[in-house]
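Now for the letters of each chain:
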Amino acid sequence: MRRMTEITKTELTFYRGRRVLVTGHTGFKGSWLCRILTDAGAEVTGYGLEPGEALNLFSLSRIEKRMQSVTGDIRDLERVKQVFAQTKPELVFHLAAQPLVRASYEEPVYTYETNVMGTVHICECIRQTPGVKSFLNVTTDKVYENREWAWGYRETDRLNGYDPYSNSKSCSELVTHSYTKAFLAAGGTAVSTARAGNVIGGGDFARDRIIPDCVRAAQRGESVILRNPQSIRPFQHVLEPLFAYLFIAQRQYQDPKLSGNYNVGPEDGDCIRTGRLAELFCKAWGRGLTWRAQPDDGPHEANFLKLDCSQIKSRLGWRPRWSVEEAVEKTARWYQGWLDGEDVAALMGQQIEAYLDQLAI
């Protein structure tokens, strides 16, 4: 029997008519999240930069036609204040970030300005905006001090990311905790942070990510090149953490005692080597696609990273639905459909419906 705490199609009606602000809405995860929210009938406002690449999911999905999209920089406090004053959100999902490890080595100041001061600006606007009942800050599994051990990090483990991206997200967590204790909890806002594992899925075109690199190699008719095929990561389909975010924001809105910090990742068996991920993708793609290792002299990246997700399971009843094999198959199917000229919005809708069907089981 379905556990009563799990979110289903019916329970998504919670979002119908509610004012929701999503920062970073033009990004990969933000585009998928806005699609789900608009499907649910929410009044969605997005605040973020123009999509950074000519090829991007936000434009391909035509999601802008279904929501209010505001262009702006999260570092611009006065602009963010204007958006809060105009939209008066009830729920806020903070996804805006500089999200790439390698880019953080190239632009550390910009990374800290965006990921740390951007969080300060959102928290400050929530502090000054009556009526925000639920706030979720989306960070990363890389916020922890990575000791390369074999078991999953828990929410109580030390925060101390190594590289500028990971460390800036650790700082974002600390900013959120401070604002919550000093201002937001007393002001009636329930606050959580969500630390998600590595996500894959259709519509990610970023550089230095494995699946987009696989797709680009397939387009060129070349082998996929992996820098470090032995590194282990908690891979999951993008819809897994997004529905977890929606669930956390909903549940803490209804019961603020459920706010906190939550790891969101796959089952232990789906924490796999990047070489295995490439192997699964090549198999799902077919058409003779292969991969090979080619180490480079790039900056430090963690070799082993795993999450303990027992807290979100025990407190909220959430659990992942798609295995890594299913996640890769869905991802390959999306990209092949896109390359074959299928409608991107329809592809997204089909996969959201497929995931919702799994939630009801």
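With that out of the way, let us pick up the overall build of the protein chain. Across its full length, the protein chain carries twelve helices and 13 strands. Its C-alpha atoms give the protein chain a radius of gyration of 19 Å, within 12% of the compact-globule value 21 Å for 361 residues. Dimensions along the principal axes, computed over C-alpha positions, put the protein chain at roughly 55 × 45 × 40 Å. For the protein chain, the proportion of its 361 residues judged to be buried stands at 57%. Carbon and sulfur atoms make up 49% of the accessible area of the protein chain, which amounts to about 15000 Å² in all. With 45 positive and 44 negative side-chain charges, the protein chain shows a separation of 4 Å between the mean positions of the two kinds.

A full pass over the atoms with the stated rule returns zero disulfides. A disulfide-free cysteine, Cys-123 has its sulfur positioned 9.5 Å from the sulfur of Cys-125, the nearest such atom. The class of Cys-123 is buried, set by a relative accessible area of 0%.

With the exception of glycine, the majority of residues adopt a negative phi angle, and the majority of peptide bonds are in the trans configuration. In this structure, Asp-208 is a non-glycine residue whose phi angle is positive, near 60 degrees. Taking relative accessible area as the criterion, Asp-208 reaches 29% and is therefore assigned partly exposed. One non-glycine residue, Arg-287, lies in positive phi territory at about 60 degrees. Position of Arg-287 relative to the elements: it lies in the loop between α9 (274–285) and β13 (291–293).

As a packed pair, α9 and helix α11 (residues 324–339) sit with axes 9 Å apart at the nearest point and diverge in direction by 50 degrees. By the angle class used here, α9 and α11 are oblique. Classified by chirality, the crossing of α11 by α9 is right-handed. Residues Arg-276, Leu-277, Leu-280, Phe-281, Ala-284 and Trp-285 of α9 pack against Val-324, Glu-325, Val-328, Glu-329, Thr-331, Ala-332, Tyr-335, Gln-336 and Leu-339 of α11. Taken together, the residues of the contact of α9 with α11 sort by class into ten nonpolar, two polar and three charged.

Turning our eyes to something else, we now look at the pairing of strand β5 (residues 134–138). Within β5, five of the five residues are buried, which leaves the element mostly enclosed by the surrounding structure. Here β5 shows no split at all, with Ser-134, Leu-136 and Val-138 on one side and Phe-135 and Asn-137 on the other all buried. Bridge analysis of strand β4 (residues 91–94) against β5 gives four bridges, and the strand direction is parallel. The residue bridging Phe-93 from the neighbouring strand is Leu-136, located in β5.

Tallied over the full model, the rule gives eleven aromatic pairs. Judged by centre distance (5.2 Å) and plane angle (75 degrees), the rings of Phe-14 and Tyr-253 are edge-to-face. Of this pair, Phe-14 sits in the segment before β1 (19–23) while Tyr-253 sits in helix α8 (residues 239–254), and the two are 239 residues apart along the sequence. According to the relative accessible area criterion, Phe-14 is buried, its value standing at 10%. Centre to centre, the rings of Tyr-335 and Trp-338 are 6.4 Å apart; their planes meet at 75 degrees, and the pair counts as edge-to-face. With Tyr-335 and Trp-338 both in helix α11 and three residues apart, this pair spans about one turn of that helix.

Turning next to the environment of Leu-21. By the element assignment, Leu-21 lies in strand β1. On the accessibility criterion, Leu-21 (1% relative accessible area) is buried. Considering only alpha carbons, one finds Leu-21 and Lys-88, 67 residues apart in sequence, at a separation of 8.7 Å.

Under the defined criterion, the tally for this structure stands at 24 salt bridges. Residue Arg-127 pairs with Glu-124 through a salt bridge whose shortest N-O separation is 2.7 Å. Note that Arg-127 and Glu-124 are positioned in helix α5 (residues 108–127) at a spacing of three residues, about one turn of the helix. The partly exposed category is assigned to Arg-127, whose relative accessible area is 41%.

The rules behind these values
- Residues numbered from 1 in each chain as written.
- Predicted model: local features only at pLDDT ≥ 70, side-chain atom pairs only at ≥ 80, totals over all residues.
- Heavy atoms only, no water.
- Helix = DSSP H or I, 4+ residues; strand = E, 2+ residues; numbered from the N terminus.
- Rg over C-alpha atoms; globule rule 2.2 N^0.38 Å.
- Buried < 20%, exposed > 50% of the residue type's maximum accessible area, 1.4 Å probe, protein only.
- Areas by Shrake-Rupley, 256 points an atom, 1.4 Å probe, with all protein chains shown as cover.
- Lys, Arg positive; Asp, Glu negative; His and termini not counted.
- Charge placed at Lys NZ, Arg CZ, Asp CG, Glu CD.
- Disulfide = S-S within 2.5 Å.
- Axes fitted to C-alpha atoms, helices over the stretch in contact; angles between N-to-C directions.
- Parallel < 35°, antiparallel > 145°, perpendicular 65-115°, else oblique.
- Left-handed = near helix turned anticlockwise from the far one by under 90°.
- Contact = heavy atoms within 4.5 Å.
- Nonpolar A, V, L, I, M, F, W, Y, C, P; charged D, E, K, R; others polar.
- Pairing = 2+ DSSP bridges.
- Phe/Tyr/Trp six-rings, centres within 6.5 Å; stacked < 30°, edge-to-face > 60°.
- Salt bridge = Lys/Arg side-chain N within 4 Å of Asp/Glu carboxyl O.

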